[in-house]
Amino acid sequence: MTIIKKSIFALTALLAFASAAPSFADTNTDNIIGAGGYDLTSYHTQEKPQRGNGHHVAVVDGVTYQFATDDNKKTFEATPAKFLPQFGGYCAFGVSVSKKFVADPEQFDIVDGKLYLNLDSKTRSIWLQNVSGRIADANQNWKKIASKKPQEL
């Protein structure tokens, strides 16, 4: 084979491989770490949530969740809906007033087995003044704002 034919063959093989290879991080949603990297199962089993790591991950709807142990990851994978934060992980108080604020994973409450995150300690203290009312408002508002971008609200 001549050098030109070898080069064409190599280029053709490379292009075929590139088009068949999976594309990683095609969109921003392919690189989102949910709950700030905290282990979602730890909210339910420990007094303080524990950070996960890149060795134990699960992906749900394009969001990557990290876990501290493989057992925690397996527990999550068995019933993800049980552990996922409400309102896509946005601040629960914010959703109760039709806004989407990025939540601090250390500002949380478990209410009726569900994880609610809040923006900061001050916002959480307002949330705690009327938890059931805020949850009811947030549940209604989420139906209207779930698909909207935060900057649209």
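Report follows, based on the coordinates. (Residues numbered from 1 in each chain as written. Predicted model: local features only at pLDDT ≥ 70, side-chain atom pairs only at ≥ 80, totals over all residues. Heavy atoms only, no water.)

Take the pattern of salt bridges next. For the structure on display, the rule yields three salt bridges. Among the salt bridges present, the one from Asp70 reaches Lys74, with a minimum N-O distance of 3.2 Å. Of the two residues, Asp70 and Lys74 both sit in helix α3 (residues 70-78), four residues apart, roughly one turn of that helix. Overall, the relative accessible area of 31% leaves Asp70 in the partly exposed class. Of the charged contacts, one joins Asp109 and Arg124 as a salt bridge, the two residues approaching to 2.7 Å between their closest N and O atoms. (Salt bridge = Lys/Arg side-chain N within 4 Å of Asp/Glu carboxyl O. Helix = DSSP H or I, 4+ residues; strand = E, 2+ residues; numbered from the N terminus. Buried < 20%, exposed > 50% of the residue type's maximum accessible area, 1.4 Å probe, protein only.)

Let's shift gears to the layout of surface pockets. Its volume calculated, the largest pocket comes out at about 570 Å³. What lines the largest pocket is a set of 20 residues, among which Ile32, Val63, Tyr65, Gly88 and Gly89 lie closest to the centre. (1 Å grid on protein atoms, 1.4 Å probe; cavity = no way out; pocket = protein on both sides within 12 Å on 5 of 7 lines; lining within 4 Å. Points joined across faces, edges and corners; volume = space filled by probe spheres on them.)

Another aspect to go through is α3. Those residues of α3 lying buried are Asn72, Lys73 and Phe76. Considered in projection along α3, the buried side chains sweep an arc of 100 degrees and stay on one side of the axis. Summarising the geometry of α3, the exposed residues directed more than 90 degrees from the buried face are Asp71 and Ala78. Here the buried face of α3 lies against β2 (53-60), β3 (63-67) and α4 (80-83). (Arc of directions from axis to C-beta. Contact = heavy atoms within 4.5 Å.)

On to the pairing of β3. Burial runs high along β3: five of the five residues are buried. Side chains Val63, Tyr65 and Phe67 of β3 all project onto a buried face; the interleaved residues Thr64 and Gln66 project onto the opposite face, where all are buried too. Where β2 meets β3, five bridges bridge the pair, whose relative direction is antiparallel. Across the sheet, the residue bridging to Val57 is Gln66, located in β3. Counted between consecutive antiparallel strands, the loop separating β2 from β3 contains two residues, among which Asp61 sits at a positive phi close to 50 degrees. (Pairing = 2+ DSSP bridges.)

A word on the pairing of strand β4 (residues 104-111). Strand residues, when the strand is regular, have side chains that alternate between the two faces of the sheet. Two strands pair when backbone bridges link them, and β4 and strand β5 (residues 114-118) are joined in this way by five bridges, in the antiparallel orientation. Among the inter-strand pairings, Val111 is bridged to a residue of β5, identified as Lys114. Counted along the chain from β4 to the antiparallel partner β5, the turn is two residues long, and its residue Asp112 has a positive phi close to 50 degrees.

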